[in-house]
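Listed here are the chains, written in short residue letters.
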There are 2 protein chains.
Amino acid sequence: MLKIALPALILLLLAVFFRPTPGEYPRLILTAEGVGEIRNEFGSVPLFDASLAKVKEDVDAEMAVGIDVPVPKDFSGGYTHERHKRNYLMALQAGQLYQILGEERYAQYVRDMLFEYEAMYSGLPLHPMERSYARGKLFWQCLNESVWLVYMAQAYDTIYTWLPAADRERLENNLFRVVADFISVENPQFYNRIHNHSTWGNAAVGMIALAMDDDELLQRALYGLTDDGLELGVKDDDGGFIKVAGQKAGFLANLEDPFSPDGYYTEGPYYQRYAMYPFLVFGIALHNVKPELKALQYKENVLLKAVDALLSLTDSDGEFFPLNDAQKGMSYHSAELVTAVNIAYHYGGQNPQLLSVAEAQGQVLLDQAGLSVAMGIAAGKAEPFIKTSVNLSDGPQGQKGGVAVLRAGREDLTVVFKYAAQGLSHGHYDKLSFSMFDKGEEVLQDYGLVRFVNIGQKGGGNYLPENASWAKQSIAHNTLVVNETSHFGGDYETGSQHHSELHFFDAGNENIQIVSASESNAYPGTRKLRTLALIKNEKFREPFLLDLWKVDADVEQQYDLPYYYLGQLLETNFAYSNPRVLEPLGESSGYQHLYLEAQGESETGNAKFSWLGPNGFYSLTATTEADDQLLMARVGANDPDFNLRRDPVLILRRPATAGTVFATIIEPHGSYSPVSELALESRTAVEQLAIVYDDDNYTAISIADINGYSSLFVLATQSSSEDEQHSVVIDGKTWSWQGPYRYFEQGGSIQK
Amino acid sequence: MLKIALPALILLLLAVFFRPTPGEYPRLILTAEGVGEIRNEFGSVPLFDASLAKVKEDVDAEMAVGIDVPVPKDFSGGYTHERHKRNYLMALQAGQLYQILGEERYAQYVRDMLFEYEAMYSGLPLHPMERSYARGKLFWQCLNESVWLVYMAQAYDTIYTWLPAADRERLENNLFRVVADFISVENPQFYNRIHNHSTWGNAAVGMIALAMDDDELLQRALYGLTDDGLELGVKDDDGGFIKVAGQKAGFLANLEDPFSPDGYYTEGPYYQRYAMYPFLVFGIALHNVKPELKALQYKENVLLKAVDALLSLTDSDGEFFPLNDAQKGMSYHSAELVTAVNIAYHYGGQNPQLLSVAEAQGQVLLDQAGLSVAMGIAAGKAEPFIKTSVNLSDGPQGQKGGVAVLRAGREDLTVVFKYAAQGLSHGHYDKLSFSMFDKGEEVLQDYGLVRFVNIGQKGGGNYLPENASWAKQSIAHNTLVVNETSHFGGDYETGSQHHSELHFFDAGNENIQIVSASESNAYPGTRKLRTLALIKNEKFREPFLLDLWKVDADVEQQYDLPYYYLGQLLETNFAYSNPRVLEPLGESSGYQHLYLEAQGESETGNAKFSWLGPNGFYSLTATTEADDQLLMARVGANDPDFNLRRDPVLILRRPATAGTVFATIIEPHGSYSPVSELALESRTAVEQLAIVYDDDNYTAISIADINGYSSLFVLATQSSSEDEQHSVVIDGKTWSWQGPYRYFEQGGSIQK
Ligand SMILES: [Ca+2]
Ligand SMILES: [Ca+2]
Ligand SMILES: [Ca+2]
Ligand SMILES: [Mg+2]
Ligand SMILES: [Mg+2]
Ligand SMILES: [Mg+2]
Ligand SMILES: [Mg+2]
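Values in this document were obtained by computation on a predicted structure and should not be read as measured data. (Residues numbered from 1 in each chain as written. Chains lettered and ligands numbered in written order. Predicted model: local features only at pLDDT ≥ 70, side-chain atom pairs only at ≥ 80, totals over all residues. Heavy atoms only, no water.)

Asker: I'd like a description of the overall build of chain A, backed by residues and values.
Answerer: Looking only at helices and strands, chain A features 18 helices and 27 strands. By the compact-globule yardstick of 27 Å for 752 residues, chain A fits well, its C-alpha radius of gyration being 28 Å. Here the C-alpha coordinates of chain A stretch approximately 90 × 55 × 55 Å along the principal axes. For chain A, contacts bridging at least 24 residues in sequence account for 68% of all contacts bridging at least 6. Surface accessibility of chain A: about 25600 Å² in total, with carbon and sulfur atoms responsible for 49%. If you average the places of the 58 positive and of the 98 negative side-chain charges in chain A, the two averages end up 2 Å apart. (Helix = DSSP H or I, 4+ residues; strand = E, 2+ residues; numbered from the N terminus. Rg over C-alpha atoms; globule rule 2.2 N^0.38 Å. Contact = heavy atoms within 4.5 Å. Areas by Shrake-Rupley, 256 points an atom, 1.4 Å probe, with all protein chains shown as cover. Lys, Arg positive; Asp, Glu negative; His and termini not counted. Charge placed at Lys NZ, Arg CZ, Asp CG, Glu CD.)

Asker: An account of helix H3 (residues 46-65) of chain A is requested, with residue identities and associated values reported.
Answerer: Residue and element names in this part refer to chain A. For H3, with 20 residues, the first-to-last C-alpha span of 29 Å sits near the 28 Å given by 1.5 Å per residue. Listed as buried for H3 are Leu47, Phe48, Asp49, Ser51, Leu52, Val55, Val59 and Glu62. Among the structural elements, helix H2 (32-41), helix H4 (79-101), helix H5 (104-121), helix H15 (354-361) and helix H16 (368-378) are those in contact with the buried residues of H3. (Expected span 1.5 Å × (residues − 1). Buried < 20%, exposed > 50% of the residue type's maximum accessible area, 1.4 Å probe, protein only.)

Asker: Would you mind going over the UniProt feature "domain: Heparinase II/III-like C-terminal" (unreviewed entry) in chain A in detail, with residue names and values included?
Answerer: UniProt's feature table lists "domain: Heparinase II/III-like C-terminal" (unreviewed entry) at residues 394-648 of chain A, given in the numbering used throughout. A distance of 31 Å separates the end C-alpha atoms of residues 394-648 of chain A, which is 5% helix and 43% strand. (UniProt positions renumbered as here; feature names shortened; annotations may be inferred.)

Asker: Go over the interface of chain A and chain B, please, and point to the residues and values.
Answerer: Each partner contributes residues to the interface: chain A has 52 residues there, and chain B has 52 residues. Summing both partners gives a buried area of about 4300 Å² for chain A against chain B, and 51% of it is carried by carbon and sulfur. Of all residues in chain A, the largest losses of buried area upon contact with chain B belong to Gln457, Phe642 and Glu677 of chain A, amounting jointly to 18% of the total for that side. Going through the elements one at a time, helix H12 (269-289), strand E12 (568-572), strand E14 (594-601), strand E15 (606-613) and strand E17 (629-635) of chain A are the ones with two or more residues in the side of chain A that touches chain B. When residues in the side of chain A that touches chain B are grouped by element, the largest group, four residues, is from E12 of chain A. (Buried area = accessible area lost by both parts, 1.4 Å probe.)

Asker: Can you break down the environment of Ala306 of chain B residue by residue, with the values?
Answerer: All names here are of chain B. Counting through the fold element by element, Ala306 comes out in helix H13 (residues 298-312). Relative accessible area serves as the criterion here: at 0%, Ala306 is assigned to the buried category. Along the primary structure Ala306 and Ala344 are separated by 38 residues, whereas in three dimensions their C-alpha atoms are 9.4 Å apart. If we skip the residues at most four places from it in the chain, Ala306 touches Phe259, Gly263, Gln272 and Met276.

Asker: So what about the packing of aromatic side chains? Which residues, and what values?
Answerer: All names here are of chain A. Evaluated as defined, the whole model comprises 70 aromatic pairs over all chains. Between Tyr698 and Trp737 the ring centres are 5.5 Å apart and the planes differ by 80 degrees, which places this aromatic pair in the edge-to-face class. Of this pair, Tyr698 sits in strand E23 (residues 698-705) while Trp737 sits in strand E26 (residues 733-738), and the two are 39 residues apart along the sequence. Here the two residues Tyr698 and Trp737 agree in accessibility, since each one is buried. Among the aromatic residues, those joined into a cluster by ring pairs are Tyr88, Phe139, Tyr151, Trp200, Tyr274 and Tyr277. Against the face of Tyr463 rests Arg451, its NZ or CZ located 4.7 Å from the ring centre. (Phe/Tyr/Trp six-rings, centres within 6.5 Å; stacked < 30°, edge-to-face > 60°. Lys NZ or Arg CZ within 6 Å of the ring centre and 35° of its normal.)

Asker: Could you give an account of the packing of helix H5 (residues 104-121) of chain B against helix H6 (residues 142-159) of chain B, with specific residues and numbers?
Answerer: All names here are of chain B. Where H5 meets H6, the axes come as close as 10 Å, and the angle between the chain directions of the two elements is 135 degrees. By the angle between their directions, the pair H5 and H6 is classed as oblique. In this structure, the crossing between H5 and H6 has a hand that is left-handed. Counting all contacts with H5, which are made through Ala107, Val110, Arg111, Met113, Leu114, Tyr117 and Tyr121, the residues of H6 involved are Glu145, Trp148, Met152, Ala155, Tyr156 and Ile159. Across the contact of H5 with H6, the residue classes break down as eleven nonpolar, no polar and two charged. (Axes fitted to C-alpha atoms, helices over the stretch in contact; angles between N-to-C directions. Parallel < 35°, antiparallel > 145°, perpendicular 65-115°, else oblique. Left-handed = near helix turned anticlockwise from the far one by under 90°. Nonpolar A, V, L, I, M, F, W, Y, C, P; charged D, E, K, R; others polar.)

Asker: Go over the relation of the copies chain A and chain B with me, naming the residues and quoting the values.
Answerer: With an RMSD of 0.1 Å, chain A superimposes on chain B once it is rotated by 180 degrees and translated 0.1 Å along the axis. What the superposition gives is, in effect, a two-fold axis relating one chain to the other. Taking C-alpha positions as the reference, the residue of chain A nearest the rotation axis is Leu582 of chain A, at 2.4 Å. Comparing interface residues between copies, 100% of those in chain A also lie at the interface in chain B; the contact surface is shared. (Least-squares fit on C-alpha atoms with pLDDT ≥ 70 in both.)

Asker: Give me the environment of Lys539 of chain A: which residues, what numbers.
Answerer: Residue and element names in this part refer to chain A. Relative to the assigned elements, Lys539 resides in the loop between strand E9 (526-535) and strand E10 (544-553). In the structure, Lys539 is positioned twelve residues away from Val551 in sequence and 31 Å away in space, judged by C-alpha atoms. Other than its neighbours up to four places away in sequence, Lys539 contacts Asp705, Tyr709 and Gln746.

Asker: Describe the domain arrangement of chain A, listing the residues and the values that go with them.
Answerer: Partitioning chain A into structural domains gives domain 1 (67-257), domain 2 (390-684) and domain 3 (699-752). Once you take the C-alpha centre of each, domain 1 of chain A and domain 3 of chain A turn out to be 59 Å apart. (Domains from an automatic or database assignment.)

Asker: Give me the lowdown on the packing of helix H9 (residues 196-212) of chain B against helix H12 (residues 269-289) of chain B, citing residues and values where you can.
Answerer: Residues and elements named next belong to chain B. With their axes 9 Å apart at the nearest point, H9 and H12 run at an angle of 25 degrees to one another. The orientation of H9 relative to H12 falls into the category roughly parallel. Crossing of H9 over H12 shows left-handed handedness. For the pair H9 and H12, the contacting residues are Asn196, Thr199, Trp200, Asn202, Ala203, Gly206, Met207 and Leu210 in the first and Tyr271, Tyr274, Ala275, Tyr277, Pro278, Phe279, Val281, Phe282, Ala285, Leu286 and Val289 in the second. Here the contact of H9 with H12 is built from residues that sort into 15 nonpolar, four polar and no charged.

Asker: Lay out the pattern of salt bridges with the relevant residues and their values.
Answerer: In a structure, side chains of opposite charge can pair up when their charged atoms sit close to one another. Scanning the entire structure with this criterion turns up 77 salt bridges over all chains. Among the ionic pairs, Arg646 of chain B bridges to Glu597 of chain A, the shortest N-O distance being 3.4 Å. You can see Arg646 of chain B sitting in the loop between strand E17 (629-635) and strand E18 (648-657) and its partner Glu597 of chain A sitting in strand E14, one on each of two chains. With respect to burial, Arg646 of chain B and Glu597 of chain A carry one shared label: buried. Of the charged contacts, one joins Asp560 of chain B and Arg653 of chain B as a salt bridge, the two residues approaching to 2.7 Å between their closest N and O atoms. Here Asp560 of chain B is found in strand E11 (residues 557-563), whereas its partner Arg653 of chain B is found in strand E18, with 93 residues between them in sequence. By the burial criterion, Asp560 of chain B is buried, and Arg653 of chain B matches it. Through salt bridges with shared partners, one network takes in Lys56, Asp60, Glu103 and Arg105 of chain A. (Salt bridge = Lys/Arg side-chain N within 4 Å of Asp/Glu carboxyl O.)

Asker: Any details on the sheet that holds strand E14 (residues 594-601) of chain B? Residues and values, ideally.
Answerer: Judged by pairing direction, the sheet is antiparallel, and its six strands sit side by side in the order E6-E11-E18-E17-E14-E13 (chain B) without closing on themselves. Of all strands in the sheet, those bounded by a partner on one side alone are strand E6 (481-482) and strand E13 (575-577) of chain B. (Pairing = 2+ DSSP bridges.)

Asker: Lay out the sheet that holds E9 of chain A in plain terms, naming residues and giving numbers.
Answerer: Residue and element names in this part refer to chain A. Pairing is antiparallel in the open sheet, where eight strands are placed in the order E7-E8-E9-E10-E19-E16-E15-E12. Edge positions in the sheet fall to strand E7 (501-509) and E12, since each of these pairs with one other strand and no more. In this sheet, adjacent strand axes meet at a mean angle of 15 degrees when their direction is disregarded. Pairing between E12 and E15: four bridges, direction antiparallel. In the strand pairing of E15, Thr572 is matched with Phe609.

Asker: Can you tell me about the UniProt feature "domain: Alginate lyase" (unreviewed entry) in chain A, naming the residues and giving the values?
Answerer: The positions UniProt marks with the feature "domain: Alginate lyase" (unreviewed entry) are residues 94-319 of chain A. Taken as a whole, residues 94-319 of chain A contains 60% helix and 0% strand, while its terminal C-alpha atoms sit 30 Å from one another.

Asker: Quick one: what's the story with unusual backbone geometry, residue by residue and with numbers?
Answerer: Excluding glycine, residues mostly carry a negative phi; peptide bonds, for their part, are mostly trans. Going from Tyr25 of chain A to Pro26 of chain A, the amide bond is cis rather than trans, its omega being -5 degrees. With respect to the element layout, Pro26 of chain A can be found in the loop between helix H1 (5-17) and H2. Positive phi is not limited to glycine here, since Lys299 of chain B has a value of about 50 degrees. With respect to the element layout, Lys299 of chain B can be found in helix H13. Taking relative accessible area as the criterion, Lys299 of chain B reaches 12% and is therefore assigned buried. Residues other than glycine seldom take positive phi values, yet Phe488 of chain B does so here, at roughly 60 degrees.

Structure (structure tokens):
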């Protein structure tokens, strides 16, 4: 925290001596200069013109229907909620149309709508729905109230000059300051947190502050409430902390804390996408109105880096990896990402690869950033957006673990590995978990969240009980579970104090993309090191993933290692039995939501399991010990409201063992088409996988394929030094290497 | 059968007096004249040129690797099986390249491959895999052996002139006649049936007969074996009849019997797609070599009509409706449909709508039909392919029921209703079942088959046990099941003697597409009339489906009416309880494969059930009686090899009732996007559905929406006359109409 002291002090000094002078309007996002440029260019910039035409069509249609500002009543999904959301979008867009086209009817529409809100707001009670820890007035939660103000501040900005001073005064005093005070002073538990909710609140207050030239509000936006009266340790209705010791507040603290220096947002990409919007628009507004604050350069350009990080956390069709609470399907096609990509391009160095993302999005903003993107595309500057392997640190100083993405080929195989911090209240107990994608399709999934966002029938569109009882639990993830309990005992306070540790990450070798990280706190007394290596070996048919666990523990305990494959089981090399009736696998920690469908044992030292997925065939080969069980289970038990998907899982269970090693290969192969009905390479190429060496410092795995070709992977489990020399003797032969790992392509015919 | 006597006699006379004279080669599909035309045009016809380039690339790559004709060993999915399949395709395509490009190396390749087969074939024993009722030599079944010959005959045809006479003699005597005799004389149980297997066999013998100018073989192809030595009542390994009394044989009988006058193929579109290829290629070959037989005009152009019928049995992305045994995903993008569409366009009146299908296929045949299509597209003649509601009769004379397709909008809502005959050995016990599509997505599904075609790990890629125990059973379909037994007691012989009866079909009114059919034999003593009406009423939000059953029965029995919805349950208006463990719903007739997940009762007279599907929201509203139960179940019980998908179903169960009426509305509404997270119109618009009148002749249903708007549907359940006048008195008000049904848009406020 100390490192922000100096800039904060400077800002404070600047703020004290800074008296805003009336400038040109609009000024926040769209600027007077930008409007001039747009008026010069539009009509000959296809993507901008198409976006303008689309917005005009929408706004004209709404204006034809007329303004409706209903008395607030509904949850998300209900009429009044959706109507107020639509209103602020229409107001913003009408304001943009007024600036670009100069047609006064758009300004009148914005004014009329704002005055309808002005007439109603002061008399409004709290919203009748009582679910939130911070209820709004227009909406059931302050969060939506803040979003409303972020948009309305921009709408107001576009008609500021056009409005008579008396109108401005009335709107500012009876509406904007009232809303700003309501979401801040009257709701410190919402406003003064380190949380995406507060970011929206801070940005809302800040945007209207800049529009109104109100310095007191601007200070409140940047630094939070001086005295919030909150007690330490209070939690919100999601179980997230509201205030912890030493907590800073305000926009700059929120920018400081949840973003790592690499631009990773600790709640994960789904919430980053949502949170990015207020960060970026308030960042740009500060850039435009208070350039001396250098908001975009804050923390070494973290806002622009965050856009890169967010784009790198997508599969090949642009969908975000579902880390923590995350709705699957959300993607860079969302409106927030149009904003992010346009801004990153315009204000962040005009990276031509971003233009191809913008092309895929098919729309641009109606401001100078959108114009810039559209002109870049029109000039033929777009280049393919290439995603590579990347390691993103978590934590304000980048020292709280991270997320690594390994990619082989053009996203043919993508592995997402999470060794991060808890991720605030939307975090899952998923230490060292991973998921795997084949292009845009999930091969091994992370379940995501249990929520039907904005679908009223499902608990008002909010988080459902199974989100906590299932989706957050460790067993819902592709990670190791000890004694059928979740990491940190599923305790949020404990989880929030810890994070996993990077052992090493190496994407320098095209043939081996590798990451290794350890976790020692999830189960006290147990140190787990997971290493994931995407290996491309021309002797093997296709690239494959080696998943290697080295577990140190002093006591005997039970290990469950789940793989949430997606598709239809084709074949196993082990026998199993099926129960006549399906019963839950356990009583708690998420196990109560799994039905046991089959149970088997591997006699051969290798359990093999293959399935048909959306892009072809996949096989998993795991080393097994004598007492290991193979459990085939399915999500859906104790699900009275049918909130869960009936997805399958294979669990490798190892009972009563202290320290141990798990080695698994997951291998995509061949292809199948229901049109040609051609099944190519439908069987695994892995003949045998063996742990051929294991001691306190080294673990070695041999991989033999069906043609008798063998290779050897060796790992230094304690040393991550790139310079250190190592050697092990296996079956009388010495293997030597430098650095934390080595893959010997010619591994000889080593078999256990 | 009598109606084919005359043409058959004429053909017989023609054949007796007909002596083939050596003509020009190639002659079968590609003709000498066609080759001349292609050589003139290619290079300036984009789709043809692209198809040629693609084929050339494939063949050149295979030629570079060299010919492999391995000793037969494997099932489908295994190397030798797939290699021999690839060989005949490569031989055909190399032959086409030789003709078009004139490069002799292609002819040499075909010759060399044929001689490798010639060297091996005479010494081959039966294929080592013993599963088939008609084992092949190159392949495990005569079916594949026949396909091989259909292709190789064409390949031979392309190099016929180029080959020295001695080579021709050797190939004909040592290979082609041997194969032809093997699949016919030596396998009458395969060759002399009315079945798609025999069609392939007949076409294979016929194609090589035309290539070799062998009239004896041609007669055998057209009329089958005179004395097959088969006993009546014998069945194949799928349970299909091999010979029944009075059975004809040969290509013409196979063309006569399974196709209705409307071109519907009694096994359904999946097998029609497969069967069409030999029908069409042998039909074209006859057209080219024996134009006097008028093969394409046979049975009023049934072959060309069949292509239309097949295309009309697809959803909006071209996938075939899965009637009977059918693999989902098979579509008009398959190679067989490229053939079918090219031929239908070229030989069937150059319908410009077919060009847009060909554009979607992205390839054409390398013959005069393909050239014709590519030139049509290049000339800009393509028009959108518009699918409308259609009623296709089943049975040789069109008197064995049929299949109706109702479509609203541009395939926004499509209903497929099956009231056909058994459908031979691939038929399901699915009388009066239906499925429903929203554009290309299934809303209410037919399960399809239980088979992973060509995937060796799953029972050699063949039908799995659950195909008979589950997929064929009545409860696996959206149709009424009495006393937990399948139609006809699941007995194939009984089912084969019966078919449902059309009551009426009317697609003349844009606002009501309707079909009604009855079934009296599936459960002796019970007459069921099902009426499906796709209703578009501007007062209602969106078009909806009314599903109305009128059941006459003298004894009390249990009725189960399943709806296999696809998606996630959102809401019910009835309470239900969930068992702690999941048990199979029953012991047999498919019930043993369903797990009961929940059970409820409706207190209100209407059970409502809504779900989120891939294209938005869907709601079902069903009238209920006091003792009715709502069962929520899922496929997957007693499935030891994980062959079944875990798909859900809602079953309306009515215990101990004699005659009865079921009325249900299925209603798509609104939309949802995980990107915008906008949920529009997520709740049903149906307030109340009521049976307001029911006697021996009439049933009336009132439909009230959430705005209090009410309409009335009345049905004459006995009379289908379009002229007859009807009236009923409901609550003192008289409703009069003409014809079998009437939808009164202003139905008053009738409620039960
Ligand atoms: Ca995806
Ligand atoms: Ca489809
Ligand atoms: Ca589909
Ligand atoms: Mg998760
Ligand atoms: Mg995708
Ligand atoms: Mg079926
Ligand atoms: Mg589709």
